[in-house]
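Residue-level structure breakdown
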Amino acid sequence: MAADLEPGVIRKLDEVVVNRIAAGEIIQRPANALKELLENSLDAQSSHIQVQVKAGGLKLLQIQDNGTGIRREDLAIVCERFTTSKLTRFEDLSQIATFGFRGEALASISHVAHLSIQTKTAKEKCGYKATYADGKLQGQPKPCAGNQGTIICIEDLFYNMPQRRQALRSPAEEFQRLSEVLARYAVHNPRVGFTLRKQGDAQPALRTPVASSRSENIRIIYGAAISKELLEFSHRDEVFKFEAECLITQVNYSAKKCQMLLFINQRLVESTAIRTSVDSVYATYLPRGHHPFVYMSLTLPPQNLDVNVHPTKHEVHFLYQEEIADSIKQQVEARLLGSNATRTFYKQLRLPGAPDLDETQSADKTQRIYPKELVRTDSTEQKLDKFLAPLVKSDSGMSSSSSQEASRLPEESFRVTAAKKSREVRLSSVLDMRKRVELQCSVQLRSTLKNLVYVGCVDERRALFQHETRLYMCNTRSFSEELFYQRMIYEFQNCSEITITPPLPLKELLVLSLESEAAGWTSEDGDKAELADSAADILLKKAPIMREYFGLRISENGMLESLPSLLHQHRPCVAFLPVYLLRLATEVDWEQEARCFETFCRETARFYAQLDWREGATAGFSRWTMEHVLFPAFKKYLLPPPRIKDQIYELTNLPTLYKVFERC
């Protein structure tokens, strides 16, 4: 018995085993190998690419191009892992403009197939042919005749991985996947000619001419039914710094299979957010279960795109994903509305004697959803506040031109609103602050916040929300401070204003702040009136900066006239205003630009995050603000840094609760 409890011995895996495991992640089927090699050919500036296939790519997959070729000196290491000509430092990933960058494609293929490369560059007098196994060159490259470019021949794919080979579909289905990959790249790269041929067939299965157009290639590959309904448009967004080129079908066309060709910075990728946004627009026009044909090419700043998130590179992460998807949705919707002059309708006739269809019958009864997996998705369903006293809204004491009647945030994000102002921010210190916020954003937390459902308010600092089947409690004060800090730096120099009527005397407010416990005044600090005068002088001296950059106005005679408006329907609590002004005078570093903006934004965020929880009508208004203003803003705007994880606590989850109640 004692021998059975002995721990296992940890051993370092053999390098061959490690490489085969890694290769299995990158090359999952012949279509993955084709995608990697097509991107290599396009990186090599090829104008014509020919693909020859046997048995769905399992017996033979050959790619021939007329690109720049591979230097003879590089043939020795071309199939080793992490050898690439695309980058030299990790920082280069933020500016990567080529398809490949890891140097793993050829290495992975050589570990699971028999690989040979024939290549010739423009400067060499002859070509060279080399064979590889397990990432190593077998013998010396042999001189041979050939044209400029490269021929890569892959034979017996997965010959040493029988389980993987057995799991693959039939050769016909694998060939169909190869055709889909080649077709998508042919549409996106119309200046390059593509040819796909089964070995032994006289006619190619797919061929596109050199120097064609995207619409023409769509006609050749997908048929005239799609090409005649195409609607072409482009869009440039100066706010989120992206460009979109689109070819979408008008509402007369629909198919049961969704065809969406999405390229981001020239890469063939998938994006659930963009696909869902486009489908939601077409759902208004097309029959249920029918989809459009969509080609979309997005160009983003390389520093906003993370391409190194998936072994096969079919997924990417990028900043402002939700906002960009919303912008594309609006553009597609506008184009479809403008092209709705003619519609074609088909009417389905019921044959005589045929029974009526039960329209209430469920379309899919095969998938059973258990109660413990049900997720509340309607935010209008009852919350904790239903069991508490009714909420009463009250006026905050400050007036603004914006309406207080609506209970939802406007559709435009705060960056869109800021961009509509006439002033562009060019200060490097502010741009660095924005970049720091974006780089520190936690993708996992952002996904959680985006899909949360508000449950109820616990107290002035804590609230409950649901995400999927889990119930969380969060520190709303910390969330609010981070939100308002980000609002300050993104609204910099373009802040709207909350007008204070009548204006408040600055010195009286500062004296009032010194009377409060929060100021921490002691007799050793000096006379309160003198301290208030000194603080007022500082603020009056810095008033032009606060007015110019932050929308905080102090008149020449020392009257506070306005505060920055950072969030629709949100007004800061006037009870904390005196201490806020005192901290602006004492805690903000007015001497150094970057520190000045940082400390000013932090102090303002701290002030705006405080709600009035004193008993009475104001407490009810604070609860209303938390539910209808702050939490929708968290979902829409907040880019949460990793440190905010410490302010979220998982209380329970539905499967655990079901286990508890099942025992009762």
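Further up the page is the structure itself.
Below, the structure is looked at part by part. (Residues numbered from 1 in each chain as written. Predicted model: local features only at pLDDT ≥ 70, side-chain atom pairs only at ≥ 80, totals over all residues. Heavy atoms only, no water.)

Thoughts on the overall build of the protein chain
Assigned secondary structure in the protein chain consists of 20 helices and 22 strands. Evaluated residue by residue, the protein chain yields a buried proportion of 46% over its 664 residues. Considering only residue pairs separated by 6 or more positions, the protein chain has 71% of its internal contacts joining residues 24 or more positions apart. Looking at the protein chain as shown, the accessible area adds up to about 35,400 Å², and 50% of this sits on carbon and sulfur atoms. (Helix = DSSP H or I, 4+ residues; strand = E, 2+ residues; numbered from the N terminus. Buried < 20%, exposed > 50% of the residue type's maximum accessible area, 1.4 Å probe, protein only. Contact = heavy atoms within 4.5 Å. Areas by Shrake-Rupley, 256 points an atom, 1.4 Å probe, with all protein chains shown as cover.)

Observations concerning the sheet that holds strand β16 (residues 453–457)
Where strands meet in a sheet, backbone hydrogen bonds hold them as pairs that are either parallel or antiparallel. Taken together, the four strands give an open sheet; going across it, the order is β16-β17-β18-β22, and neighbouring strands pair in antiparallel fashion. The open sheet has two free edges, formed respectively by β16 and β22 (648–653), since each of these has just one partner strand. The average angle at which neighbouring strand axes cross in this sheet is 25°, direction not considered. Taken together, the five bridges between strand β18 (residues 470–475) and β22 define a ladder with antiparallel strand orientation. In the sheet register, Leu471 faces β22, and the bridge partner there is Thr652. Contacting β17 (462–467), β18 and β22, helix α13 (residues 476–490) runs over the sheet at an angle of about 70° to β18. (Pairing = 2+ DSSP bridges. Axes fitted to C-alpha atoms, helices over the stretch in contact; angles between N-to-C directions.)

Thoughts on the packing of helix α11 (residues 428–439) against helix α18 (residues 593–608)
Two elements in contact, α11 and α18, have axes whose closest approach is 9 Å; the angle formed by their N-to-C orientations is 55°. With respect to their mutual orientation, α11 and α18 come out oblique. As for how α11 packs across α18, the hand of that crossing is right-handed. Contacts from Ser429, Val430, Met433 and Arg436 of α11 reach α18 at Glu593, Ala594, Phe597, Glu598 and Cys601. (Parallel < 35°, antiparallel > 145°, perpendicular 65-115°, else oblique. Left-handed = near helix turned anticlockwise from the far one by under 90°.)

Side note on the environment of His48
Positionally, His48 belongs in strand β1 (residues 48–54). For the pair His48 and Gly193, spaced 145 residues apart in sequence, the C-alpha to C-alpha distance is 4.5 Å. With near-sequence residues (within four places) excluded, His48 lies in contact with Gln64, Asp65, Asn66, Val192, Gly193, Thr195 and Val210.

Quick notes on the nonpolar core
In this structure, Ile274, Met296, Leu581 and Phe600 are the most contacted members of the largest nonpolar core, which totals 105 residues. In terms of residues, this core owes the most to one element, helix α19 (residues 617–636), which gives eight residues. Split by domain, this core shows at least three residues from each of two domains, domain 2 (223–337) and domain 3 (454–649). If we ignore the near neighbours within four places in the chain, the residues touching Ile274 are Met260, Leu262, Met296, Leu298, Phe318, Ala325 and Ile328. (Core = buried A, V, L, I, M, F, W, Y, C linked by side-chain atoms within 4.5 Å. Domains from an automatic or database assignment.)

Digging into the environment of Leu337
Assignment of secondary structure puts Leu337 in helix α9 (residues 321–338). Residue classification places Leu337 among the exposed residues on the basis of a relative accessible area of 55%. For the pair formed by Leu337 and Gln250, sequence separation is 87 residues and the distance between their alpha carbons is 9.7 Å.

Topic: the pairing of strand β9 (residues 230–237)
Looking at chain direction, β9 and strand β10 (residues 242–249) are connected through eight bridges and run antiparallel. Residue pairing for β10: Ser234 is matched across the bridge by Glu245. The hairpin turn running from β9 into β10, its antiparallel successor, is four residues long, and Lys241 in that turn takes a positive phi close to 55°.

Let's talk about the packing of helix α14 (residues 506–515) against helix α17 (residues 577–587)
Interhelical geometry of α14 versus α17 gives an angle of 100° and a closest axis separation of 8 Å. Put simply, α14 runs roughly perpendicular to α17. Across the interface between the two elements, Leu506, Leu509, Leu510, Leu512, Ser513 and Leu514 of α14 pack against Leu577, Pro578, Val579, Leu581 and Leu582 of α17. Looking at the contact of α14 with α17 residue by residue, the class counts come to ten nonpolar, one polar and no charged. (Nonpolar A, V, L, I, M, F, W, Y, C, P; charged D, E, K, R; others polar.)

Description of the sheet that holds strand β19 (residues 496–505)
Pairing in this open sheet of three strands is antiparallel, and the strands run β19-β21-β20 from one edge to the other. A strand with exactly one partner marks an edge of an open sheet, and here the two such strands are β19 and β20 (553–554). One ladder, built from six bridges, connects β19 with strand β21 (residues 559–565); its direction is antiparallel. Across the sheet, the residue bridging to Glu497 is Pro564, located in β21.

The quantities given are spatial measurements derived from coordinates; they are silent on function.
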